[in-house]
Amino acid sequence: MAVNLDGQDDSAGPVRGTQSLLRIGMIWLAANLVVTTLLTGTLFTPAVSFGTAALMIVIGTLLGVVVLVLIGNMGTRTGLPTMALTRGSFGIRGSLLPAAANLIILMGWSWVQAMLAGVTVNALVAEATGFYHPMLFSALCQAIVVVLAIFGHTGISRVEPWLALVILVVMGFVFAAAFGAFSPAEFAAIPVDDSLGGTPFITLDMVIATAISWTVLSADMNRHAKSSVAGVVGSGIGYTLSTTIAMLLGLVAFSTVLLRGHDATPFDPAVIVAEFGWPLGVVIFLSVMATNTMVVFGMVTSVVNAQSRWRLRFLPTALVLGIISVIGSTFLGLLNQFTDFLFVISAFFVPVFAIMIADYYLLKRRSYSRQILHERPESRYWYLGGVNWIAVVVWVVGAGLSYLLAYVTPSPVGANIPAFAISFLLYLALMLGIRRSGALGLRDPRDAQPTGHLLDGAEDTSALRLED
């Protein structure tokens, strides 16, 4: 999946995809069979009923995957990763804003996953030897991830689909053990704790937020698909299956602990590992190593692709970000804020993706020209001073609305769906209205010119970079 980082190609600029539908599907299947997705499923009961939680997992996944595959297809059609694609709607310089937000979000994800792996390893080691030090194990897990991201990302991309099969086998064991101990009717009869303040739409919002959190990497992965069909179908099926299975597993495992009458803390891997044994702990560790490696790799790729003026290279960038990620993985208190972390991700990126989809598929007619690679005022995507201020304003409005609907005046239909719809429509209305006047550099006859993959017609595709 990853390009060859031999010191000459630092993953900057477009790449030509070669991965088949099956391969893309397996990569996405493996990517989300991870502990964070599994443990998200532990957050739903008893705040809502078991049946309601299961239904919202399915509906939320199907809604979220639509956004994921649309952004991913932009990567397949152009060859660019997600944050480089924001140049088309936010402007050459304006794209640095969502890129910076993306860096923060991915860093947070790498911390959370390393912490969960560390807590899991600590529980297994403590049970066997009595030695207890979750901060140490979290830092060690993240250090391994950083080494793999720098030197073994290509190998991980090849091994990860096979790891997915192992993970699925263990997940099957957990499902069998849970439903062998309790009937579906007993799961459905778990009493709802109204004091927790859960609702079906809060559950739905958390599931959609999971899809949004993965969408920041969707074009990074799908630009390696050999066709739009391979990217759309492969990622759509792979993500839907992995998310549904992983979240349902978390829901079932946590509900099993509740039915046994044990004390259960949501979003704590030690709780379900104690119930189902070391095989689940090993799966959690392996899934974090595989998935977090690609998160760190994607984080570095996003930084390298964000601009070309500084000519950032992969290895030194990876080392700096890697050191920060190892240090941050010891702040275990972040695990108690995971729900808020998910909502922050959705508040930041739901309007970004609404803007990107409206701009690419409707305003730019499913094409970005090679001028998206040019960091010069002559570029079509320079707008006004390098920034499309309409996109920036809509982003601020959408993010603010998402926050209001989540925390200040809770919406009866959640925050993500209204924030996406309003950001999408507001961006279209403002762009179409102002573009007619020719103001802000928003009207350009080149928008009507069809373009294909950004490597089409390039004289030297092996050396193409984001140009000055």
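That block above? That's the structure.
Sequence order as written defines the numbering, with residues in each chain counted from 1. Given that the model is predicted, a residue must reach a pLDDT of at least 70 before its local features are reported, and side-chain atom pairs must reach 80 or more before they are shown or counted; all residues, however, enter totals for whole chains, interfaces and linings. As a convention, hydrogens and water are excluded, and side-chain values are obtained from all of the structure's heavy atoms.

A short note on the nonpolar core
To form a nonpolar core, buried Ala, Val, Leu, Ile, Met, Phe, Trp, Tyr and Cys residues must be joined to one another through side-chain atoms within 4.5 Å. Throughout, exposure labels follow a simple rule: accessible area from a 1.4 Å probe, protein chains only, divided by the maximum for the residue type, with under 20% read as buried, over 50% as exposed, and the rest as partly exposed. If you look at the biggest cluster of nonpolar residues, it comprises 134 residues, and the most contacted ones within it are Phe349, Phe353 and Tyr427. In what follows, residue pairs with any heavy atoms lying within 4.5 Å of each other are defined as contacts. Not counting residues within four places of it along the chain, the set of residues in contact with phenylalanine 349 comprises Met83, Pro98, Ala101, Asn102, Ile105, Ile212 and Val216.

Concerning unusual backbone geometry
Leave glycine aside and you will find that most residues have negative phi; peptide bonds, for their part, are mostly trans. Looking along the chain, the bond that leaves threonine 45 and enters proline 46 is cis, with omega of 5°. Segments assigned H or I by DSSP are reported as helices when at least four residues long, segments assigned E as strands when at least two residues long, and all are numbered from the N terminus. By secondary structure assignment, the location of proline 46 is in the loop between α2 (35-40) and α3 (50-78). Positive phi, normally seen in glycine, also occurs at arginine 365, with a value near 55°. The topology assignment puts arginine 365 in the loop between α15 (338-363) and α16 (389-408). Unlike most non-glycine residues, tyrosine 383 shows phi in positive territory, near 55°. On the secondary structure map, tyrosine 383 appears in the loop between α15 and α16. You can call tyrosine 383 buried: its relative accessible area is 9%.

Side note on a nonpolar patch on the surface
Patch criteria: residues need more than 30% relative accessible area and no salt bridge. Like-charged residues are merged within 9 Å; nonpolar side chains of Val, Leu, Ile, Met, Phe, Trp and Tyr are merged within 5 Å. All accessible areas in this document rest on Shrake-Rupley with a 1.4 Å probe, and a residue is counted as covered only by the protein chains that are shown. Salt bridge, as applied in this entry: a Lys or Arg side-chain nitrogen positioned within 4 Å of an Asp or Glu carboxyl oxygen. Judged by side-chain polarity, Leu21, Val229, Val232, Val233, Ile237 and Leu241 come together as a nonpolar surface patch covering roughly 460 Å² of accessible area. Here the nonpolar patch takes five residues from helix α11 (residues 228-259), the largest share from any one element. Tracing the backbone through its elements, the reader meets leucine 21 in helix α1 (residues 21-31). Leucine 21 sits in the partly exposed class, given a relative accessible area of 35%.

Quick look at the packing of α3 against helix α9 (residues 200-215)
In contact at an axis separation of 8 Å, α3 and α9 are set at 30° when each is read in the N-to-C sense. Relative to α9, α3 is oriented roughly parallel. Our pair here, α3 against α9, has a crossing hand that is right-handed. Within the contact of α3 with α9, the residues separate by chemical class into 16 nonpolar, six polar and no charged. Lines fitted to C-alpha atoms define the axes, with helix axes restricted to the stretch in contact, and inter-axis angles between N-to-C directions lie between 0 and 180 degrees. For classification, angles of less than 35 degrees are called roughly parallel, those exceeding 145 degrees roughly antiparallel, those between 65 and 115 degrees roughly perpendicular, and all remaining angles oblique. Helix crossings fall into two classes, left-handed where the near helix is turned counterclockwise from the far one by less than a right angle and right-handed where it is turned clockwise. Polar here means any residue other than Ala, Val, Leu, Ile, Met, Phe, Trp, Tyr, Cys and Pro, which are nonpolar, and Asp, Glu, Lys and Arg, which are charged; Gly is therefore polar.

Comments concerning the side chain of serine 242
Inspection of the secondary structure assignment puts serine 242 in helix α11. At 3.4 Å, the side chain of serine 242 and the backbone oxygen of tryptophan 28 are in polar contact. If we skip the residues at most four places from it in the chain, serine 242 touches Trp28, Leu29, Asn32 and Leu33. Any N or O atom pair separated by 3.5 Å or less is treated as a polar contact, with the protein-specific requirement of one donor-capable and one acceptor-capable atom, and with residues adjacent in sequence counted only for side-chain atom pairs.

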